[in-house]
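Summary of the model geometry
Residue-level listing of the chains:
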Amino acid sequence: MGLKEEEIVACRNDDERKEDEELGLAMAQAQQQQQKQLQWFAVGVTGSPLQPRKLVVGYALTSKKTKSFLQPKLEGLARNKGILFVAIDQSKPLSDQGPFDIVLHKLSGKEWRRIIEDYRQTHPEVTVLDPPDAIQHLRNRQFMLQAVADLNLSDSYGKVGVPRQLVIKRDASSIPDAVTKAGLTLPLVAKPLVADGSAKSHELSLAYDQNSLLKLEPPLVLQEFVNHGGVLFKVYIVGEAIKVVRRFSLPDVSKRELSKNAGVYRVPRVSCAAASADDADLDPGIAELPPLPLLEKLAKELRRQLGLRLFNLDIIREHGSCNHFYVIDINYFPGYGKMPEYEHIFTDFLLSLVPGKYKKRSC
């Protein structure tokens, strides 16, 4: 039995309405999908469309630091996580470059400090690692350890302090009297006053007697030598992440050795990666790492006081003590390339600086 004309028209209208509804739904779904894509895709740094939106990190580093830090493994992992490292051209105005989400820098000089500080003021949306004034604070060993000394950190996990020290800015002939008046005990470790990351700033000397003090070259810092079993703990801090490695250090000095030795002994740079003690057969009392809760508390307080997120601490344990530690040096943006698993730690840190803006990708 055939349909009447009115019924045929009604069926056709129903079908058209259904098609219109399906078309409208499909268009709505397409628009939603496009919006989702637009949230993730944007014009890339090179200007080509539909490139994944990158977390752009502009870096201004010395050629030496660039080579040691931006290793192929780090750059490859960063790409997989949506992070793009872009070199800052120091011959062009910084504000004309980018746009950057993060600026990573470790350059010296008043002019660079002025440039990066002006950039921080005019681009508050960009995370600058780290403030130039805070970095400058660590370039002078007269003030470097003051934040640790002010903490006077002591709890159930141990005590953290700094060795007694004396600053000599000029006139080597005054050093013996100044040491006597300060009540410092020999031997003394002599370190350059300026810690600018250069090879010279890492040169150390060990002075065994009063006469040898006259041979030192100011400006410098004199620190009391603390016997520590010849092992130093290098504590890397990347934001809230902490990584500790062992390094061989200067050997202990006994009273007998002190009485037999005289003069100034130049010592090679200690705590470098080549001096790793992680796999050495050491006395457990010497090799045991500082308690993590103590380091976490120390790092948290120093991040706050120093205003820095990228630094490391050189820590020693007083020989014969299980929980008395000394911070003997603090370095800004240290050699992270020597830190185990630094690629994962550092890329996760960079992504954490812009939560919600970029999705983490599995590598």
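Residues numbered from 1 in each chain as written. Predicted model: local features only at pLDDT ≥ 70, side-chain atom pairs only at ≥ 80, totals over all residues. Heavy atoms only, no water.

**What to know about the environment of Gln136**
Structurally, Gln136 can be placed in helix α5 (residues 132-137). Take Gln136: its relative accessible area is 31%, and that puts it in the partly exposed class. As a C-alpha pair, Gln136 and Gly109 span 27 residues in sequence and 9.8 Å in three-dimensional space. (Helix = DSSP H or I, 4+ residues; strand = E, 2+ residues; numbered from the N terminus. Buried < 20%, exposed > 50% of the residue type's maximum accessible area, 1.4 Å probe, protein only.)

**Describing the UniProt feature "binding site: Mg(2+) 2" (unreviewed entry) in the protein chain**
Here, UniProt's "binding site: Mg(2+) 2" (unreviewed entry) annotation points to Asp329 and Asn331. Considering the arrangement of structural elements, one finds Asp329 in strand β17 (residues 324-332). The exposure class assigned to Asp329 is buried, which follows from its relative accessible area of 7%. Setting aside residues up to four positions removed in sequence, Asp329 forms contacts with Arg141, Met144, Leu145, Lys191, Asn312, Leu313 and Asp314. A polar contact of 3.4 Å, which involves the side chain of Asp329, links it to the side chain of Arg141. (UniProt positions renumbered as here; feature names shortened; annotations may be inferred. Contact = heavy atoms within 4.5 Å. Polar contact = N/O pair within 3.5 Å; in protein donor to acceptor, adjacent residues only side chain to side chain.)

**Observations regarding the nonpolar core**
With 58 residues, the main nonpolar core has Phe69, Phe85, Leu310, Leu313, Tyr336 and Leu350 as its most contacted residues. Among residues more than four places away in sequence, those in contact with Leu310 are Leu104, Leu129, Asp130, Ile237, Val238, Asn331, Tyr332, Phe333, Pro334, Tyr336, Phe346 and Phe349. Judged by nonpolar contacts, the second largest core, of 13 residues, contains Leu188, Ala207, Leu213 and Leu222. (Core = buried A, V, L, I, M, F, W, Y, C linked by side-chain atoms within 4.5 Å.)

**Remarks on unusual backbone geometry**
In this model, Leu186 is joined to Pro187 through a cis peptide bond whose omega is 0°. Along the polypeptide, Pro187 turns up in the loop between α8 (175-182) and β10 (188-192). Of the consecutive residues Pro218 and Pro219, the connecting peptide bond is found in the cis state with omega at 0°. Position of Pro219 relative to the elements: it lies in the loop between β11 (204-207) and β12 (220-224). Of note in the backbone geometry, Asn152 takes a positive phi value of approximately 50° without being a glycine. Along the chain, the position of Asn152 falls in the loop between α7 (146-151) and β7 (153-155). Phi is positive for Glu341, close to 65°, though the residue is something other than glycine. On the basis of relative accessible area, Glu341 is assigned to the exposed category, the value being 52%.

**Focus: the sheet that holds strand β15 (residues 264-267)**
An order of β9-β12-β10-β11-β15 is seen for the five strands of this open sheet, with the pairing classed as antiparallel. Looking at strand neighbours, the two that pair on one side only are β9 (165-168) and β15, the edges of this open sheet. Averaged over neighbouring strand pairs, the angle between their axes works out to 25° when direction is ignored. Sheet topology places β9 next to β12; four bridges connect them, and they run antiparallel. Across the sheet, residue Ile168 finds its bridge partner in β12, namely Leu220. Against the sheet, α8 engages β9, β10 and β12, with an angle of about 150° to β9. (Pairing = 2+ DSSP bridges. Axes fitted to C-alpha atoms, helices over the stretch in contact; angles between N-to-C directions.)

**Overview of the confidence of the model for the protein chain**
Residues with a pLDDT of 70 or more make up 81% of the protein chain, whose mean pLDDT is 83. For the stretch residues 1-16, pLDDT sits under 50, and the model shows one contact to residues farther than four places along the chain or on other chains. Every residue in residues 18-50 scores below 50 in pLDDT, and together they form 16 contacts with partners more than four places removed in sequence or on other chains. (pLDDT = per-residue confidence, 0-100.)

**Describing the packing of aromatic side chains**
Scanning the entire structure with this criterion turns up eleven aromatic pairs. Aromatic pair Phe69 and Phe85: ring centres 6.4 Å apart, planes at 90°, arrangement edge-to-face. Here Phe85 lies in strand β4 (residues 83-87) and Phe69 lies in helix α2 (residues 63-69), a separation of 16 residues in the sequence. Exposure class is identical for Phe69 and Phe85. Each is buried. Arranged with centres 4.8 Å apart and planes meeting at 70°, the rings of Phe69 and Phe346 form a pair that is edge-to-face. Separated by 277 residues along the polypeptide, Phe69 in helix α2 and Phe346 in helix α12 (residues 342-352) bring together distant segments of the chain. When sorted by exposure, Phe69 lands in the same class as Phe346, which is buried. Grouped by ring-pair contacts, the aromatic residues Phe69, Phe85, Tyr236, Tyr332, Phe333, Tyr336, Tyr342, Phe346 and Phe349 constitute a single cluster. (Phe/Tyr/Trp six-rings, centres within 6.5 Å; stacked < 30°, edge-to-face > 60°.)

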